Amino acid sequence: MPSDRIDTDALFECRMCGNCCKGYGGTYVTREDIEAISRYIGTDSRKFVAQYCQLSGKRPVLAQRPDGYCIFWDKLCTIHPVKPPMCRRWPFLGSLLVDSKNWQIMADSCPGIHTDVPVRTLEKCVKKILSKER
Ligand code: SF4
Ligand code: SF4
């Protein structure tokens, strides 16, 4: 029987190195993310934004520690079940459908990315993952 399971292992296997949780331009959080993460860590939304976010323009992003890591990184993501969409999608980002060369660029900082994969396979996988979020 055909399966619609997304098999990403041939494309990517996380090595838990934490590189993607360091030095981001900013991990944006939506109102829904703020509520979900606040509930998960047992605080309220207002305190969460004050203590765990910084502003990028007018939009809240997850704060970074002085060492450049996300405030929720501690050898692993401590909010894994409720982490923001950008973190959940990584490395299968929509920008790969615009230019698949981004895969190689991302692989420079993400040792879990396999670079010897056909572009069509990668694009199919990204499309499937994005469509499951709608
Ligand atoms: S950089 Fe890649 S391999 Fe390292 S933790 Fe992030 S996703 Fe996993
Ligand atoms: S929320 Fe988790 S996965 Fe996202 S940057 Fe922070 S530690 Fe990394």
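Structure shown above.
Remarks on the nonpolar core
Core analysis: the biggest nonpolar cluster contains 17 residues, and Leu 11, Phe 12, Phe 92, Trp 103, Ile 113 and Leu 122 have the highest contact counts within it. For this core, the secondary-structure elements that each account for two or more residues are helix H5 (102-107) and helix H6 (119-133). With five residues, the top contributor of residues to this core is H6. Ignoring sequence-local partners within four residues, the contact set of Ile 113 consists of Leu 11, Phe 12, Pro 91, Trp 103, Met 106 and Ala 107. Within the second largest apolar cluster, 13 residues are counted, among which are Phe 48, Leu 62, Phe 72 and Val 82.

Brief notes about the site of ligand 2
The full set close to ligand 2 counts eleven residues, and Cys 21, Leu 62, Cys 70, Cys 77 and Cys 87 are the nearest of them. In terms of residue class, the shell around ligand 2 is built from ten nonpolar, no polar and one charged.

Here's the deal with the pairing of strand E2 (residues 59-62)
Both strand E1 (residues 53-56) and E2 contribute to a ladder of four bridges, which runs antiparallel. Residue pairing in the sheet places Gln 54 in a bridge with Val 61 of E2. The antiparallel hairpin formed by E1 and E2 contains two residues in its connecting segment, where Gly 57 sits at a positive phi of about 65°.

Section: the site of ligand 1
Taken together, 13 residues lie near ligand 1, and Cys 14, Arg 15, Cys 17, Cys 20 and Cys 110 sit nearest. A per-class count over the shell around ligand 1 returns eight nonpolar, four polar and one charged.

Description of the pattern of salt bridges
What the rule picks out here adds up to two salt bridges. When the shortest N-O distance is used, the salt bridge between Arg 65 and Asp 67 registers 3.0 Å. For Arg 65, a relative accessible area of 29% corresponds to the partly exposed category. A salt bridge links Asp 99 to Lys 101; the shortest N-O distance between them is 3.7 Å. The exposure class assigned to Lys 101 is exposed, which follows from its relative accessible area of 57%.

Calculation notes
Residues numbered from 1 in each chain as written. Chains lettered and ligands numbered in written order. Predicted model: local features only at pLDDT ≥ 70, side-chain atom pairs only at ≥ 80, totals over all residues. Heavy atoms only, no water. Core = buried A, V, L, I, M, F, W, Y, C linked by side-chain atoms within 4.5 Å. Buried < 20%, exposed > 50% of the residue type's maximum accessible area, 1.4 Å probe, protein only. Helix = DSSP H or I, 4+ residues; strand = E, 2+ residues; numbered from the N terminus. Contact = heavy atoms within 4.5 Å. Near = heavy atom within 4 Å. Nonpolar A, V, L, I, M, F, W, Y, C, P; charged D, E, K, R; others polar. Pairing = 2+ DSSP bridges. Salt bridge = Lys/Arg side-chain N within 4 Å of Asp/Glu carboxyl O.

Just distances and angles here, no functional claims.
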